[in-house]
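# A closer look at the structure
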Amino acid sequence: MSVRHRILDGCDLETFIVCKDVEEGKTLGLRLMAELGFEDADVVFCEMGGPGVRIRLRGYVYRPSADYQWYDLEV
């Protein structure tokens, strides 16, 4: 079983992205999450500062009521 299947709900990532404004930063952040393999992601926080944005993103492995693969896992 993949470690990804042991994640309870999501995976958070925080980084700084060089961009011209907040909207571009959000777009680039969501593209990053897609490139990392997350089909479902949200921008949790985004703030312009200097040459770009400080952004926090959440890539969902499971949304509430999902078919959790970890549910029957023997740890």
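Computed from a predicted model, the values in this text were never measured in an experiment.

## As for the overall build of the chain
- From N to C terminus, the chain includes one helix and three strands.
- For the chain, the succession of helices and strands along the chain, N to C, is β-α-β-β.
- Within the chain, the fraction of its 75 residues that count as buried is 21%.
- For the chain, restricting intrachain contacts to residue pairs at least 6 apart in sequence, the fraction spanning at least 24 positions comes to 58%.
- Summing over all exposed atoms, the chain offers an accessible surface of approximately 5300 Å²; the carbon and sulfur share of this is 51%.

## Some words on the pattern of salt bridges
- Considering all chains together, one arrives at four salt bridges under this definition.
- Where D12 meets R58, a salt bridge forms, and the shortest distance between an N and an O atom there is 2.6 Å. Residue D12 is found in strand β1 (residues 10–18), and its partner R58 is found in strand β3 (residues 52–60); the two are separated by 46 residues along the sequence.
- If you follow the salt bridges from partner to partner, you end up with E14, R54 and R56 in one network.

## Brief notes about the sheet that holds β3
- The three strands lie next to each other as β1-β3-β2, forming an open sheet whose pairing is antiparallel. The sheet is open, and its two borders are formed by β1 and β2 (41–49), each paired with just one other strand. Each neighbouring strand pair of the sheet contributes to a mean axis angle of 15°, computed without reference to strand direction.
- In this sheet, β3 lies alongside β2 in antiparallel orientation, the contact comprising eight bridges. Bridging from a neighbouring strand, A41 pairs with G59 of β3.

## Re the nonpolar core
- If you look at the biggest cluster of nonpolar residues, it comprises nine residues: I17, C19, M33, F38, A41, C46, V53, I55 and L57.
- With residues up to four places along the chain from it excluded, the contact list for V53 reads T15, F16, I17, C19, D21, V22, G25, C46, E47 and M48.

## Section: the confidence of the model for the chain
- Averaged over the chain, the pLDDT score is 88; the fraction of residues at 70 or greater is 85%.
- Between the elements of the chain, mean pLDDT differs from a low of 96, seen in β1, to a high of 98, seen in helix α1 (residues 22–35).

## Regarding the state of the cysteines
- Scanning the entire structure with this criterion turns up zero disulfides.
- Of all cysteine sulfurs, the one in C19 lies closest to C46, which takes part in no disulfide; the gap is 6.8 Å.
- What makes C46 buried here is its relative accessible area of 19%.

About the criteria used
- Residues numbered from 1 in each chain as written.
- Predicted model: local features only at pLDDT ≥ 70, side-chain atom pairs only at ≥ 80, totals over all residues.
- Heavy atoms only, no water.
- Helix = DSSP H or I, 4+ residues; strand = E, 2+ residues; numbered from the N terminus.
- Buried < 20%, exposed > 50% of the residue type's maximum accessible area, 1.4 Å probe, protein only.
- Contact = heavy atoms within 4.5 Å.
- Areas by Shrake-Rupley, 256 points an atom, 1.4 Å probe, with all protein chains shown as cover.
- Salt bridge = Lys/Arg side-chain N within 4 Å of Asp/Glu carboxyl O.
- Pairing = 2+ DSSP bridges.
- Axes fitted to C-alpha atoms, helices over the stretch in contact; angles between N-to-C directions.
- Core = buried A, V, L, I, M, F, W, Y, C linked by side-chain atoms within 4.5 Å.
- pLDDT = per-residue confidence, 0-100.
- Disulfide = S-S within 2.5 Å.

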